[in-house]
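Chain residues, written in single-letter form:
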Number of protein chains: 2
Amino acid sequence: MNFEVEVRIELKPGVIDAEGETIRKSLKLLGYPVNDVKSLKVYVIGVNADSKKDAEEKIADACRRLLANPVIQNYSVKVKNARIIPENSRKRL
Amino acid sequence: MNFEVEVRIELKPGVIDAEGETIRKSLKLLGYPVNDVKSLKVYVIGVNADSKKDAEEKIADACRRLLANPVIQNYSVKVKNARIIPENSRKRL
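Reading the values: rules and limits
Residues numbered from 1 in each chain as written. Chains lettered and ligands numbered in written order. Predicted model: local features only at pLDDT ≥ 70, side-chain atom pairs only at ≥ 80, totals over all residues. Heavy atoms only, no water. Helix = DSSP H or I, 4+ residues; strand = E, 2+ residues; numbered from the N terminus. Buried < 20%, exposed > 50% of the residue type's maximum accessible area, 1.4 Å probe, protein only. Contact = heavy atoms within 4.5 Å. Areas by Shrake-Rupley, 256 points an atom, 1.4 Å probe, with all protein chains shown as cover. Buried area = accessible area lost by both parts, 1.4 Å probe. Salt bridge = Lys/Arg side-chain N within 4 Å of Asp/Glu carboxyl O. Polar contact = N/O pair within 3.5 Å; in protein donor to acceptor, adjacent residues only side chain to side chain. Nonpolar A, V, L, I, M, F, W, Y, C, P; charged D, E, K, R; others polar. Pairing = 2+ DSSP bridges. Least-squares fit on C-alpha atoms with pLDDT ≥ 70 in both. Expected span 1.5 Å × (residues − 1). Arc of directions from axis to C-beta.

### With respect to the overall build of chain A
Helix and strand content of chain A: 2 helices and 3 strands. Seen in sequence order, chain A has helices and strands lined up from the N terminus as β-α-β-α-β. The proportion of buried residues among the 93 residues of chain A is 42%. Restricting the contact set of chain A to residue pairs at least 6 apart, pairs at least 24 apart contribute 73%. Entry remark: accessible area of chain A is about 5300 Å², with carbon and sulfur atoms responsible for 54%.

Given below as structure tokens:
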């Protein structure tokens, strides 16, 4: 089964978020009443797995090995519902 | 009132997602049964506004003016609940 999994990667508390801070300053300069901006990276991944739990474990493992930097980033994995993709319409790049 | 607003910025359909594609290939090489990877940018913004609707309008306007590139990106704005922040604990960088 194909599951859609959303991975959210954010900086750990205490790590300076330069991108968020730059955006906060820019929005302030443009006159928006913004207090703080946090930037996150999100990946929506389609993964083949036997169950929701299996999909979650596979992607959490991928986060540890590849997607997140454990020194400065936290990650969270959320499995959405299974989706049906006809074999011939799958993206093969 | 201070509202927490989440902005999701993603590439329009048809625009090549180089980051997502690179991650898909890397995960495949590591043995993960991944079909497709989409990369998104998310900003969590704290904004002062009179109401939920006001907060949404302010940030949607900011997206049009600064955060999203309308040629290649779509954005969505979601207002979460109001949050109470004591004046003296606000981040002032």
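### Observations concerning the interface of chain B and chain A
In this assembly, 37 residues from chain B lie in contact with 37 residues from chain A. Counting each side, the surface lost to burial between chain B and chain A is near 3700 Å², with a carbon and sulfur contribution of 51%. Between chain B and chain A we count 4 salt bridges in total. With its nearest N and O atoms 3.2 Å apart, the salt bridge here joins Arg-8 of chain B to Glu-6 of chain A. Across the contact surface, chain B and chain A share 22 residue pairs in polar contact (both at pLDDT 80 or more). In terms of residues, the side of chain B that touches chain A owes the most to one element, strand 2 (residues 34-48) of chain B, which gives 15 residues. A class-by-class count of the residues in the side of chain B that touches chain A yields 17 nonpolar, 6 polar and 14 charged. Note: strand 2 (residues 34-48) of chain A against strand 2 of chain B, 13 bridges, orientation antiparallel. Residue pairing across strands places Val-44 of chain A opposite Lys-38 of chain B, the latter belonging to strand 2 of chain B.

### Regarding the relation of the copies chain B and chain A
For these two chain copies, the linking operation is a rotation about an axis paired with a shift along it. Between chain B and chain A, the superposition needs a rotation of 180° and an axial shift of 0.0 Å, giving an RMSD of 0.0 Å. Taken together, the rotation angle and the small translation identify this as a two-fold axis. For chain B, the minimum C-alpha distance to the rotation axis belongs to Lys-41 of chain B and amounts to 2.6 Å. Most of the interface of chain B is mirrored in chain A: 100% of its interface residues are interface residues there too.

### What to know about helix 1 (residues 18-29) of chain B
Under the 1.5 Å per step criterion, the end-to-end length of helix 1 of chain B is 17 Å for 12 residues, consistent within 8% with the ideal 16 Å. Those residues of helix 1 of chain B that fall on the buried side of the exposure criterion are Gly-20, Glu-21, Ile-23, Arg-24 and Leu-27 of chain B. Burial along helix 1 of chain B is one-sided: seen end-on, the buried residues are contained in an arc of 160°. Seen from the open side of helix 1 of chain B, the exposed residues pointing more than 90 degrees away from its buried face are Ala-18 and Leu-29 of chain B. Against the buried residues of helix 1 of chain B lie strand 2 and helix 2 (52-67) of chain A together with strand 2 of chain B.

### Observations regarding the pattern of salt bridges
The final tally for this structure, using the stated rule, is 16 salt bridges over all chains. Between Lys-38 of chain A and Glu-10 of chain A there is a salt bridge, with its nearest N and O atoms 3.2 Å apart. Of this pair, Lys-38 of chain A sits in strand 2 while Glu-10 of chain A sits in strand 1 (residues 2-11), and the two are 28 residues apart along the sequence. Between Lys-80 of chain B and Glu-6 of chain B there is a salt bridge, with its nearest N and O atoms 3.2 Å apart. In this pair, Lys-80 of chain B is assigned in strand 3 (residues 73-83) and Glu-6 of chain B in strand 1 (residues 2-11), connecting sequence segments 74 residues apart. Lys-80 of chain B gets classed as partly exposed once you look at its relative accessible area, which sits at 32%.

### Some remarks on the side chain of Ser-39 of chain B
Position of Ser-39 of chain B relative to the elements: it lies in strand 2. Taking relative accessible area as the criterion, Ser-39 of chain B reaches 9% and is therefore assigned buried. Not counting the four nearest positions on each side in its chain, Ser-39 of chain B is found in contact with Lys-41, Val-42 and Tyr-43 of chain A together with Asp-17, Glu-19 and Gly-20 of chain B.

Everything listed here is a matter of coordinates, which is why it stays silent on function.
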